[in-house]
Amino acid sequence: MEQVIKERAAYLRKALNRHNYLYYVLDEPEVSDAEYDRIMRELVDLEGKYPELITPDSPTRRVGAPPLEKFESVPHTIPMLSLENGFNEEEIRAFDQRVKKLLEEDARVTYTAEPKMDGTAVELIYENGQLVRASTRGDGFTGEDITANVRTIRTVPLTLLADSSLSIPERLEVRGEVFIALDAFKEFNKERLEKGEPPFANPRNAAAGSLRQLNSKITAQRPLEMFCYGIGAVEGLSFDTHWDILNGLKFLGLRVNPLVHRCKGIESAIEYYKDIESKRHRLAYEVDGVVIKVDDIEFQKTLGEKSRSPRWAIAYKFRPTQETTRLVKIEVQVGRTGALTPVAHLEPVSVGGVVVSRATLHNEDEIAKKDIREGDTVLIQRAGDVIPEVVKVVLSKRTGQEIVFKMPDTCPVCGSEVVRLEGEAARRCINAGCTAQIKERIKHFASKDALDIDGLGDKLVEQMVEKGLIKSYADLFTLKRDRLIGLERMAEKSADNLLAAIENSKRTTISRFIYALGIRYVGEHIAKVLAERFVSLERLMETGEEELLDVEEVGPQVSKSVIAFFKNIENRQNIDRILSCGVIPETKAVGKEHPLAGKTFVLTGTLPSITRAEAKAKIEGLGGKVTGSVSSKTSYVVAGENPGSKLDKAGSLGVEILDEEGLKKLLS
Ligand code: D41
């Protein structure tokens, strides 16, 4: 092929990439749509004539690739965390207080605030400037490979822009939100209706559905866009602030929401929220709040994360959408711990694009306070993905036919006695053998964040308990194939699949296992903390109150509950049976790799030869934990130059103080 043709193709490609950037990212096009189309057609023609010219990053490749059989799963190098939610100014100020306390900062903290896009989270990976992979967020740890689909999105550069101020990094993982603008959504739904296809309920569902198309030619027809809001692993670039990250992404050709704003202090971030909320209905896309992030990356590292969300960011959600409907009846559900929870059954109503037919009523006091009666017309609200709730009764709609609700004195499932302990809002069924509790405990045990037994859905658990196949989660591991096949909708193949999934779940982590046991007040995060501290299940089972209280983040409520759980004979027998069936909660051995397990460090001041971030990484690499504030549970305070008040506090609490030399000894 002639050199001139190759050069022409390269020229056209470069021009299209540049016009894409000007149009989609900077919103400052230099050429008309017609001119753009002309360049595109010339390149398509050339590539048609000389297929060997086609490169994977050619702008013509956005039309979609051959359909896939299924999506491959891709692990995220760094987990994609979720966001903690705040719903009012008090919660946002409390967030700021927490941040300041952990950082020991009295001055105003600088935040970056961004509109919170109501779309679907995606990760892009660029290697040496080329888009090599795109994945969904999935469960935060592993997503699905949607590269072919994301390549069709015009706002996603297939090649990063080389800019004079930033060189192309060897690796760049970018996170952002894929969404569909409101106008495009309406137009798109109209077309679907005309074609006799079912419309999407809202732009978020449409965006998520489009990304999960096995046929990327379909995705290419969908009006998807993307705003980038953060990074994962990066090699060959570094940033000091979140603000710098957003600007860096823009320089590299990625689209960042132009409404991002840097705020000095929390009050300024609250002003920003009010501003965006007032503009909300004039924006071209759906926004469900703003995200407020600590700007300084060094601060972010100090603050660290809980198991699911970083401590340095919060989503400040807009007031939820509300709707009125009729409350048909109030049903009482019995939970895992025996708590009786009233649930409102509603005439189905669409609230902000989601059909709602049930709402939580919390507890009897709440019902009494709001005077909610069966048959009432009620105002319900839904905030993001939270369970809908009843705000109030529309009294003007009362007819006098409504029925006052009374909590039952006996368990609606097993009929045994119900008690309300002092200081608790809920009545509880105290029969541990109550089938409702058994079912809920097993569902929890098998759930995604616990043992994650695929195919063991709620309906199946209910059936198995009702038919007497299982009485506790320990029975799952001795299930017989032929008894399973007798169940409704359980063919041989699904029985085998279930047994395989149960077998699979036997290799798990100790923190998942602790969480799965369903100990009251032991959520995912505390389970992790306990696993880290006690390392083995046996050690945790033997522990006493004093040792538990010594663990950071464990208070009297958790410690009492843990002790009571392991004192219970039935619980111990269950655990023994599970372990003897070959369940192996993987323990992180306290051997060479984790000599600092269970130790917490606080770093203060400037160390002579290593940065705080390096020290933190080393400590964590050896199984230790670094926190922001000193308490009696702190094992060591590492003090450098100009240490500040943490050192005084360590002194007064009698916590051991190390200098850099001391730390190095411990690390070696
Ligand atoms: O616009 C958004 N939806 C958005 C989502 C945003 N502007 N920033 C975000 N930042 C994060 C952290 C702080 C965890 C990096 C996010 C999300 N996360 C997020 N999106 C979906 C799950 C989490």
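Here the structure is shown first, and the text comes after it.
Residues numbered from 1 in each chain as written. Predicted model: local features only at pLDDT ≥ 70, side-chain atom pairs only at ≥ 80, totals over all residues. Heavy atoms only, no water.

### Examining the pattern of salt bridges
- Scanning the model with the defined rule gives 52 salt bridges in all.
- Lysine 443 is the salt-bridge partner of glutamate 462, the closest N and O atoms lying 2.7 Å from each other. One end of the pair, glutamate 462, is in helix 13 (residues 458-466); the other, lysine 443, is in helix 12 (residues 435-446), and 19 residues separate them in sequence.
- On the basis of relative accessibility, which here comes to 23%, the residue glutamate 462 falls in the partly exposed class.
- Judged by relative accessible area, which is 15%, lysine 443 ranks as buried.
- Beyond isolated ion pairs, a larger network of salt bridges with shared partners links Glu364, Asp365, Lys406, Asp409, Arg420 and Arg427. (Salt bridge = Lys/Arg side-chain N within 4 Å of Asp/Glu carboxyl O. Helix = DSSP H or I, 4+ residues; strand = E, 2+ residues; numbered from the N terminus. Buried < 20%, exposed > 50% of the residue type's maximum accessible area, 1.4 Å probe, protein only.)

### Looking at unusual backbone geometry
- Non-glycine residue glutamate 553 carries a positive phi angle of around 80°.
- Its place among the elements puts glutamate 553 in the loop between helix 19 (545-549) and helix 20 (556-567).

### Here we look at the site of the ligand
- In the neighbourhood of the ligand, 16 residues make up the surrounding shell, with Leu81, Glu114, Met117, Tyr229 and Lys293 lying closest.
- The side chain of glutamate 177 places a nitrogen or oxygen atom 3.3 Å from a nitrogen atom of the ligand.
- At a separation of 3.0 Å, a nitrogen atom of the ligand approaches a polar side-chain atom of lysine 293.
- Considered on its own, the ligand offers 490 Å² of accessible surface; in the complex 87% of this is hidden by protein.
- Broken down by secondary-structure element, the contributors of at least two residues to the shell around the ligand are strand 3 (110-117) and strand 10 (287-294).
- Looking at the shell around the ligand element by element, the count peaks at four residues for strand 3.
- Considered class by class, the residues forming the shell around the ligand number 10 nonpolar, one polar and five charged. (Near = heavy atom within 4 Å. Polar contact = N/O pair within 3.5 Å; in protein donor to acceptor, adjacent residues only side chain to side chain. Areas by Shrake-Rupley, 256 points an atom, 1.4 Å probe, with all protein chains shown as cover. Nonpolar A, V, L, I, M, F, W, Y, C, P; charged D, E, K, R; others polar.)

### So, the nonpolar core
- Counting 53 residues, the largest nonpolar core has Met464, Leu476, Ile514 and Leu530 as its most contacted members.
- Breaking this core down by element, the ones donating at least two residues are helix 12, helix 13, helix 15 (492-504), helix 16 (510-516), helix 17 (524-534), helix 18 (537-542), helix 20 and helix 21 (569-580).
- Among the elements that take part in this core, helix 17 stands out by supplying six residues, more than any other.
- Apart from residues lying up to four places away in sequence, isoleucine 514 is in contact with Ile519, Val522, Ala527, Leu530, Ala531, Leu537 and Leu540.
- In this structure, Val174, Ala206, Cys228 and Leu254 belong to the second largest nonpolar core, which totals 35 residues. (Core = buried A, V, L, I, M, F, W, Y, C linked by side-chain atoms within 4.5 Å. Contact = heavy atoms within 4.5 Å.)

### A word on the packing of helix 3 (residues 89-103) against helix 9 (residues 266-279)
- Remark: helix 3 packs on helix 9, axes separated minimally by 10 Å, with the N-to-C direction vectors making an angle of 145°. Once helix 3 is placed against helix 9, the crossing between them reads as right-handed. In this structure, helix 3 uses Glu89, Ile92, Arg93, Phe95 and Asp96 to contact helix 9, whose residues at the interface are Ile266, Glu267, Ile270 and Lys274.
- Residue composition of the contact of helix 3 with helix 9, by class: four nonpolar, no polar and five charged. (Axes fitted to C-alpha atoms, helices over the stretch in contact; angles between N-to-C directions. Left-handed = near helix turned anticlockwise from the far one by under 90°.)

### A short note on the side chain of threonine 543
- Looking at where threonine 543 falls in the secondary structure, it is placed in the loop between helix 18 and helix 19.
- Here the side chain of threonine 543 touches glutamate 547 through a polar contact of 2.7 Å, side chain to side chain.
- Not counting residues up to four positions away in its chain, the partners in contact with threonine 543 are Phe534, Leu548 and Ile563.

### Re the sheet that holds strand 8 (residues 224-235)
- The strand order across the open sheet built from four strands is 5-4-7-8, with neighbouring strands paired in antiparallel fashion. One side of each edge strand has no neighbouring strand; the edge strands of this open sheet are strand 5 (130-136) and strand 8. Neighbour to neighbour, the strand axes of the sheet diverge by 25° on average, direction disregarded.
- The sheet contact formed by strand 7 (residues 171-180) and strand 8 spans nine bridges and is antiparallel. Of the residues in strand 8, the one forming a bridge with valine 178 is methionine 226.
- Along the sheet face, helix 8 (residues 242-251) touches strand 7 and strand 8 and points at about 120° away from the line of strand 8. (Pairing = 2+ DSSP bridges.)

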